[in-house]
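Chain and residue survey
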Amino acid sequence: MENCCHHTKNTPREEETVRALKNRLNRISGQLTGIGRMLDENRYCKDILIQIAAIESALQALGYQVLQEHMQTCVVEEIQKGNTDIIDEAVDLIKKLK
């Protein structure tokens, strides 16, 4: 991790949002476990690679969901406070999620 500091959101996430994010994360975790089983079973490389691609896609979707929430809450709040530097942070985050 490049950031040594932990930040806390000013506006708490809604319970439904947290539940949806955790459900997605649990599905991704299950997919990773499935790849481990595939390796143990000596499954065909193509099948494993397809699962890896699916996990990458699922992680990307999770990242975009968190980014959307970040833009709608944290970024908006900071702009309302007059902190326009938050835009640079948001652009850097978008670049990392490419």
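Provided above is the structure to which this section pertains.
Because the structure is predicted, anything quoted here is derived from the model rather than measured.

Another point: the overall build of the chain. When you go through the chain residue by residue, the secondary structure sums to 3 helices and 0 strands. Counting from the amino terminus, helix and strand elements in the chain follow one another as α-α-α. The C-alpha radius of gyration computed for the chain amounts to 17 Å, which surpasses the reference 13 Å derived for 98 residues by more than 25%, pointing to a less compact arrangement than a globule. Projected onto its principal axes, the C-alpha positions of the chain cover 55 × 30 × 25 Å. Here the chain, with 98 residues, has 20% of them falling under the buried criterion. In the form shown here, the chain has an accessible surface area of approximately 7800 Å², with 54% of it arising from carbon and sulfur atoms. Computing the positive centroid from 13 side-chain charges and the negative centroid from 15, the chain places the two 6 Å apart.

The next point concerns unusual backbone geometry. Even without a glycine there, the phi angle at Asn-42 is positive, about 55°. Along the chain, Asn-42 falls in the loop between helix H1 (15-40) and helix H2 (45-80).

Okay, a negative patch on the surface next. Together, Asp-85, Asp-88, Glu-89 and Asp-92 make up a region of like negative charge exposed at the surface. Looking at where Asp-88 falls in the secondary structure, it is placed in helix H3 (residues 86-97).

A few words on the environment of Ala-54. On the secondary structure map, Ala-54 appears in helix H2. In sequence terms Ala-54 and Gln-31 are 23 residues apart; their C-alpha atoms lie 8.4 Å from each other.

Considering only enclosed or pocket space, the second largest pocket measures out at about 200 Å³ in volume. Lining of the second largest pocket is provided by Arg-13, Val-18, Leu-21, Lys-22, Leu-25, Leu-62 and Val-66. Broken down by secondary-structure element, the contributors of at least two residues to the lining of the second largest pocket are H1 and H2. Sort the elements by how many residues they give to the lining of the second largest pocket and H1 lands first, with 4 residues. Residues belonging to the lining of the second largest pocket are distributed by class as follows: 5 nonpolar, no polar and 2 charged.

Once that is clear, we can look at the nonpolar core. The tendency in soluble globular proteins is for nonpolar side chains to be buried as a group. Residues Leu-21, Ile-28, Ile-35, Met-38, Ile-48, Ile-55, Ala-58 and Leu-62 constitute the largest nonpolar core, which totals 8 residues. For this core, the secondary-structure elements that each account for two or more residues are H1 and H2. Apart from residues no more than four positions distant in its own chain, Ile-35 is found in contact with Ile-48, Gln-51, Ile-52 and Ile-55.

It is worth spelling out a nonpolar patch on the surface at this point. A surface patch of nonpolar side chains, about 220 Å² in accessible area, is lined by Ile-79, Ile-87 and Val-91. When you line up the elements, Ile-87 lands in helix H3.

By secondary structure assignment, the location of Thr-73 is in helix H2. Here Glu-69 takes part through its backbone oxygen, which lies 2.7 Å from a polar atom of the side chain of Thr-73.

Procedures and definitions
Sequence positions are assigned chain by chain, starting from 1 and proceeding in written order. Predicted model: local features are reported for residues with pLDDT of at least 70 only, side-chain atom pairs are reported and counted for 80 or more only, and whole-chain, interface and lining totals are derived from all residues. As a convention, hydrogens and water are excluded, and side-chain values are obtained from all of the structure's heavy atoms. Working definition: helices are DSSP H or I runs of at least four residues, strands are E runs of at least two. Numbering for both runs from the N terminus. It is over C-alpha atoms that the radius of gyration is taken, and the globule rule equals 2.2 Å times the number of residues to the power 0.38. Exposure classes here rest on a 1.4 Å probe applied to the protein chains alone. A residue is buried below 20% of its type maximum, exposed above 50%, and partly exposed in between. Accessible surface is estimated by sampling points in the Shrake-Rupley manner with a 1.4 Å probe; for residues, cover comes only from the protein chains shown. When charges are counted, Lys and Arg contribute as positive and Asp and Glu as negative, whereas His and the chain ends are disregarded. Every charge is mapped to an atom, namely NZ of Lys, CZ of Arg, CG of Asp or CD of Glu. Put simply, a patch holds well-exposed residues, over 30% relative accessible area, that have no salt bridge, with like charges counted together within 9 Å and Val, Leu, Ile, Met, Phe, Trp or Tyr side chains within 5 Å. Between Lys or Arg on one side and Asp or Glu on the other, a salt bridge is scored when a side-chain nitrogen of the former is within 4 Å of a carboxyl oxygen of the latter. Any residue with an atom within 4 Å of a point lines the site, the site being either a cavity, points on a 1 Å grid over the protein atoms alone where a 1.4 Å probe fits but cannot get out, or a pocket, an open set with protein on both sides within 12 Å along at least 5 of 7 lines. Grid points are joined across faces, edges and corners, and a volume is the space filled by probe spheres set on the points. Any residue outside Ala, Val, Leu, Ile, Met, Phe, Trp, Tyr, Cys, Pro, Asp, Glu, Lys and Arg is labelled polar, Gly included; the first ten of those are nonpolar and the last four are charged. The term nonpolar core refers to a set of buried residues drawn from Ala, Val, Leu, Ile, Met, Phe, Trp, Tyr and Cys, joined through side-chain atoms within 4.5 Å. In what follows, a contact means two residues having at least one pair of non-hydrogen atoms within 4.5 Å. Between N or O atoms, a polar contact is any pair within 3.5 Å; within protein, one atom must be a potential hydrogen donor and the other a potential acceptor, and residues adjacent in sequence are included only when both atoms are from side chains.

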